[in-house]
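Take a look at the letters that make up each chain.
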Amino acid sequence: MNINHLLEKIAVDAPILQATFGLEREGLRVNQNGKLAQTSHPKAFGSRNFHPTIQTDFSEQQLELITPIAPSTKEARRFLAAITDVAGRTIPKNEVIWPLSMPPKLSPAEIQIAHLENDFERYYREGLAKKYGKTLQAISGIHYNMELGPDLIQALFKVSDYKNIRLFKNDLYLKLARNFLRFRWFLTYLYGAAPIAEEGFLTREISQPVRSIRNSDLGYVNDQKIHISYASLESYVSDIEKYVAQGDLIAEKECYMPVRFRGQKENRLYLEKGITYLEFRCFDLDPFEVLGISQETMDTVHLFLLALLWLDDIAEPDELLNQAHALNEQIALSHPLAPLPVEADTDLLLESMQAVIHHFELSPYYQNLLQHARNAVADPNLTLAAQLLPYLRNQSLEAFGLEKAKEYHNYAWHAHYALKGYENMELSTQMLLFDAIQKGVQVEILDESDQFLKLQHKDHIEYVKNGNMTSKDNYIIPLAMANKTVTKKILSAAGFPVPAGAEFSTLEESIAYYSFIKDKSIVIKPKSTNFGLGISIFQEPTNLDSYQKALEIAFSEDSSILVEEFIAGTEYRFFVLDGKCEAVLLRLPANVRGDGQHTIRELVATKNTNPLRGRGHRSPLERIKLGEIELLMLEQQGYKTDDILPKGVQVFLRRNSNISTGGDSIDMTEAMHPSYKKLAAEMATAIGAWVCGVDLIIPNSTLPASKKEPNCTCIELNFNPSMYMHTYCAEGPGQSITPNILAKLFPEIY
């Protein structure tokens, strides 16, 4: 069977880039002084027995971050950003993640073998410690996993002379693995980033910086007597089985070849069921990247792997791969500024990468990647190892490593309310994603723009929309709460106080109602909107023009509106989950306080610079707008936007206190009288809501509440209440809501 020249035979528009990807990133936890952390793996990560994305590798201090399968390099790296963010903000605040492959100065006594419950995994690590020593296990790196896309595989299969798709895939992946070992030195040259070992790490001292200790035989490799043949899949499987049977390997997974076949639990199953994907294990951590690997590196490697498929297979693999190993060793242990040796055939490789770009008419992006690789081949100064040289101090990178670790730690805590990589999603959804990743619940984003998630633990699946809309609420309940008229009727029938008012579906009818309310304080609001949109509040009787303008604003948001009596008092939001009030929030309407020097417009602009303020519900507080409603409010108070506000004078730009319209949030959970929390929970129960935002107007919160004497009025129930505003408050400690949602959905993991 011929496995060569297949890429040349498939159509130009074949899905050449179709593949799935995954990343595994290792990293040591160290303290603020760069010493190996002596704390246990954080309990907040949940159980290592099942956690799919955050594990420990050899030691208790070595995190292993594992992405799920992703349809592109961009998505794989994006999810790595989220996992890294979760890890960075979950480890103790006085710890950071070491950004280099080579560890800081350490001793074997500091390295704790991972405290795992699984007996074999503990035995396995203890065996590794005896065989290789503890310190060698502290080397970290990145594993790059790739599976060729099914349509690409099928296209190649059709132009081959193979009859069996499983055998074809095995041979295709075997060819790719062999050529990878043949040209591995190219990646060592470009991306090697382990030029030195800290004092005492190596038993054999090296006299100068090199490209990559980790990718040399001084790194974490098997004993030299271990020789795994890639001449055939049978020889690969048999060799590993032989070394395990002889006791030279503790288990099959101890085979530390630079590329491994993956997709089956046991190697022999590759012969029966086939190879699923390849694991490439030779990537040093890039300390200049917060994630340890750049997008450009990932895409250059993808192009490199496709070029390996373009090239012919190796006729006599064992002998040639031994020579390739020696070449990689020479390049790995060369000075970072040394040119490539003449044996390194870069022309063949670069021409194959160019051929792939040309044949499949890839975008200029890939041509630029290739040009960067060409430039680095011509100038070693452009390689990663060379870029580390200026940071060497007395043959040490500890100071540089610690500086970078702290920089990335600070980055993790910048805009800490958001989940890195997913900042464009609604904030409560980001927070739930954070908690799910942290606890080891598998996450799949079904529709990002619709905030629709699939969460899974083992066979237990939950679908979540907007952070808290789940199967726990039946279909009719959110519909009832979305309709303010229905909500009022249900609560009133259950004996709870609601404001009096009327509903209108035309502007003419609502204008005619003016004579009934012209001497009253009123609230005008859309019938079925959320986030405080279209609401106008008149605490004093208003004129017909202002009344009509408010009606028009409300009708712009909905086809029906409500005109209700204004209830005097303070408005509070109660967050109720499964019959219990979890948080209470005082929301102040959008406002500014004068300093006697700046205009109202300038004061608004200054207040909007608060990093907690943003747009589109992607930050805990919303920026204040100066729209129609705000201008109307100012006019009623006798101000215009360009007026200088006297010192100490506070003006409100809204009557409604929604955070989504620029309001301030104050956590009142502990201060609120328990009777109001109980009453709010009873209101949510009355309408049948599992999760609910209850808005109460309370004239005097020091007076206790009861159903008989509520001392409050419910002005609204919210079917999809924001959770972030309870957690990240303008004032007060804040309450974490999303972990409680997750615990209710997956009680088995708590």
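Only a predicted model underlies this, so the values are computations on that prediction, with no experimental measurement involved.

A.B. asks: So what exactly am I meant to see when it comes to the overall build of the chain here?
C.D. replies: Looking only at helices and strands, the chain features 24 helices and 23 strands. Each of the three principal axes of the chain carries a C-alpha extent, and together these read 100 × 60 × 50 Å. Taking contacts inside the chain between residues at least 6 apart in sequence as the whole, the part at least 24 apart equals 74%. Of the roughly 31,100 Å² that the chain leaves accessible, carbon and sulfur atoms contribute 51%. Within the chain, the 94 negative side-chain charges are centred at a point lying 4 Å from the centre of the 75 positive side-chain charges.

A.B. asks: Can you walk me through the packing of helix 2 (residues 73-90) against helix 13 (residues 398-413) in this structure?
C.D. replies: Any two packed helices are characterised by how steeply their axes cross, that is the angle between the axes, and by the distance between the axes. Helix 13 packs onto helix 2 with a crossing angle of 100° between their chain directions and a minimal axis gap of 9 Å. By the criterion of interaxial angle, the relationship of helix 2 to helix 13 is roughly perpendicular. Between helix 2, through Asp-85, Gly-88 and Arg-89, and helix 13, the contact on the second element is made entirely by His-409, Ala-412 and Trp-413. When the residues that make up the contact of helix 2 with helix 13 are grouped by side-chain class, the tally is two nonpolar, two polar and two charged.

A.B. asks: Explain the domain arrangement of the chain to me, please; I cannot follow it from the model alone.
C.D. replies: Accessible area lost on assembly of the parts is the figure often given for the size of an interface. What the domain assignment reports for the chain is domain 1 (6-221 + 256-265 + 275-413), domain 2 (222-255), domain 3 (427-473), domain 4 (474-498 + 568-589 + 663-749), domain 5 (500-565) and domain 6 (591-662). Taking only C-alpha atoms into account, the centre of domain 1 sits 30 Å from that of domain 3. Between domain 1 and domain 3, the residue contacts involve 17 residues of the former and nine residues of the latter. Across the domain 1 to domain 3 interface the summed buried area is about 1,100 Å²; carbon plus sulfur atoms make up 64%. Arg-78 is the salt-bridge partner of Glu-448, the closest N and O atoms lying 2.5 Å from each other. Across the domain 1-domain 3 interface, the total number found is six residue pairs in polar contact (both at pLDDT 80 or more). Residue contributions to the side of domain 1 that touches domain 3 peak at eight residues, all from helix 2. Partitioned by chemical class, the residues of the side of domain 1 that touches domain 3 number nine nonpolar, four polar and four charged.

A.B. asks: Explain the sheet that holds strand 13 (residues 536-538) here, please?
C.D. replies: The pairing of strands in a sheet comes from backbone hydrogen bonds and takes either a parallel or an antiparallel form. Read from one edge to the other, the open sheet built from four strands follows the order 11-14-12-13, with strand pairing classed as antiparallel. Strand pairing shows two members of the sheet lacking a second neighbour, strand 11 (501-504) and strand 13, which therefore form its edges. Put simply, the sheet's adjacent strands are angled 15° from each other on average, direction ignored. Note that strand 12 (residues 522-526) and strand 13 share three bridges and pair antiparallel. Considered in strand 13, the bridge of Val-523 is made with Ile-537. Of the strands in this sheet, strand 11, strand 12, strand 13 and strand 14 (561-565) are in contact with helix 19 (residues 544-555), which crosses strand 12 at around 25°.

A.B. asks: What am I meant to see in a nonpolar patch on the surface here?
C.D. replies: A cluster of nonpolar side chains, namely Leu-446, Ile-461 and Tyr-463, defines an oily patch on the protein surface of about 260 Å² accessible area. Relative to the helices and strands, Ile-461 is located in strand 10 (residues 460-465).

A.B. asks: How do you make sense of unusual backbone geometry when you look at a structure like this?
C.D. replies: The general pattern is negative phi for most residues beyond glycine and trans for most peptide bonds. Although it is not a glycine, Asn-466 sits at a positive phi angle of roughly 55°. Mapped onto the elements of the fold, Asn-466 is located in the loop between strand 10 and helix 15 (476-482). A positive phi angle, close to 55°, is found at Asn-711, a residue other than glycine. Among the structural elements, Asn-711 can be located in the loop between strand 22 (691-698) and strand 23 (713-718). What makes Asn-711 partly exposed here is its relative accessible area of 30%.

A.B. asks: Looking at this model, I keep getting lost on the pattern of salt bridges. Mind explaining?
C.D. replies: Oppositely charged side chains are able to pair whenever their charged atoms sit close together. The full count for this structure, using the stated rule, is 34 salt bridges. Its salt-bridge partner being Asp-85, residue Arg-89 comes within 3.0 Å of it at the nearest N-O pair. Placement of the pair is Arg-89 and Asp-85 together in helix 2, with a separation of four residues, close to one helical turn. Across this residue pair, the class does not change: Arg-89 and Asp-85 are buried. Taking the shortest distance from any N to any O, the salt bridge between Arg-268 and Glu-234 comes out at 3.4 Å. In this pair, Arg-268 sits in the loop between strand 6 (259-262) and helix 7 (269-273) while Glu-234 sits in helix 6 (residues 233-246), placing the two residues 34 residues apart along the sequence. Beyond isolated ion pairs, a larger network of salt bridges with shared partners links Arg-260, Arg-262, Glu-279 and Arg-281.

A.B. asks: Sorry, what's going on with helix 6 here?
C.D. replies: Residues spaced three or four apart along an α-helix point in a common direction, a consequence of the helix completing one turn every 3.6 residues. In this model helix 6 runs 20 Å from its N-terminal to its C-terminal C-alpha over 14 residues, within 8% of the 20 Å that 1.5 Å per residue would give. Every buried residue of helix 6 is listed here: Leu-233, Ser-235, Tyr-236, Val-237, Asp-239, Ile-240 and Tyr-243. On its buried face, helix 6 sits against helix 5 (165-191), strand 6 and helix 7. Positive backbone phi, at 85°, marks Gly-247, one or two positions downstream of helix 6.

A.B. asks: Is there a simple way to think about the sheet that holds strand 8 (residues 442-447) in this case?
C.D. replies: If you trace the three strands from one edge of the open sheet to the other, you get 8-9-10, paired in antiparallel fashion. With one partner strand each, in any of the chains shown, strand 8 and strand 10 form the two edges of the open sheet. With strand direction ignored, the average angle separating the axes of adjacent strands in the sheet is 20°. For strand 8 and strand 9 (residues 452-457), the ladder comprises five bridges, and the chain directions are antiparallel. Paired with Glu-444 across the strands is Lys-454, a residue of strand 9. The strands touched by helix 14 (residues 427-439) are strand 8, strand 9 and strand 10; relative to strand 9, the strand with the most contacts, the crossing angle is about 15°.

Each value, and the rule that gives it
Residues numbered from 1 in each chain as written. Predicted model: local features only at pLDDT ≥ 70, side-chain atom pairs only at ≥ 80, totals over all residues. Heavy atoms only, no water. Helix = DSSP H or I, 4+ residues; strand = E, 2+ residues; numbered from the N terminus. Contact = heavy atoms within 4.5 Å. Areas by Shrake-Rupley, 256 points an atom, 1.4 Å probe, with all protein chains shown as cover. Lys, Arg positive; Asp, Glu negative; His and termini not counted. Charge placed at Lys NZ, Arg CZ, Asp CG, Glu CD. Axes fitted to C-alpha atoms, helices over the stretch in contact; angles between N-to-C directions. Parallel < 35°, antiparallel > 145°, perpendicular 65-115°, else oblique. Nonpolar A, V, L, I, M, F, W, Y, C, P; charged D, E, K, R; others polar. Domains from an automatic or database assignment. Buried area = accessible area lost by both parts, 1.4 Å probe. Salt bridge = Lys/Arg side-chain N within 4 Å of Asp/Glu carboxyl O. Polar contact = N/O pair within 3.5 Å; in protein donor to acceptor, adjacent residues only side chain to side chain. Pairing = 2+ DSSP bridges. Patch = residues over 30% accessible without salt bridge, like charges linked within 9 Å, V, L, I, M, F, W, Y side chains within 5 Å. Buried < 20%, exposed > 50% of the residue type's maximum accessible area, 1.4 Å probe, protein only. Expected span 1.5 Å × (residues − 1).

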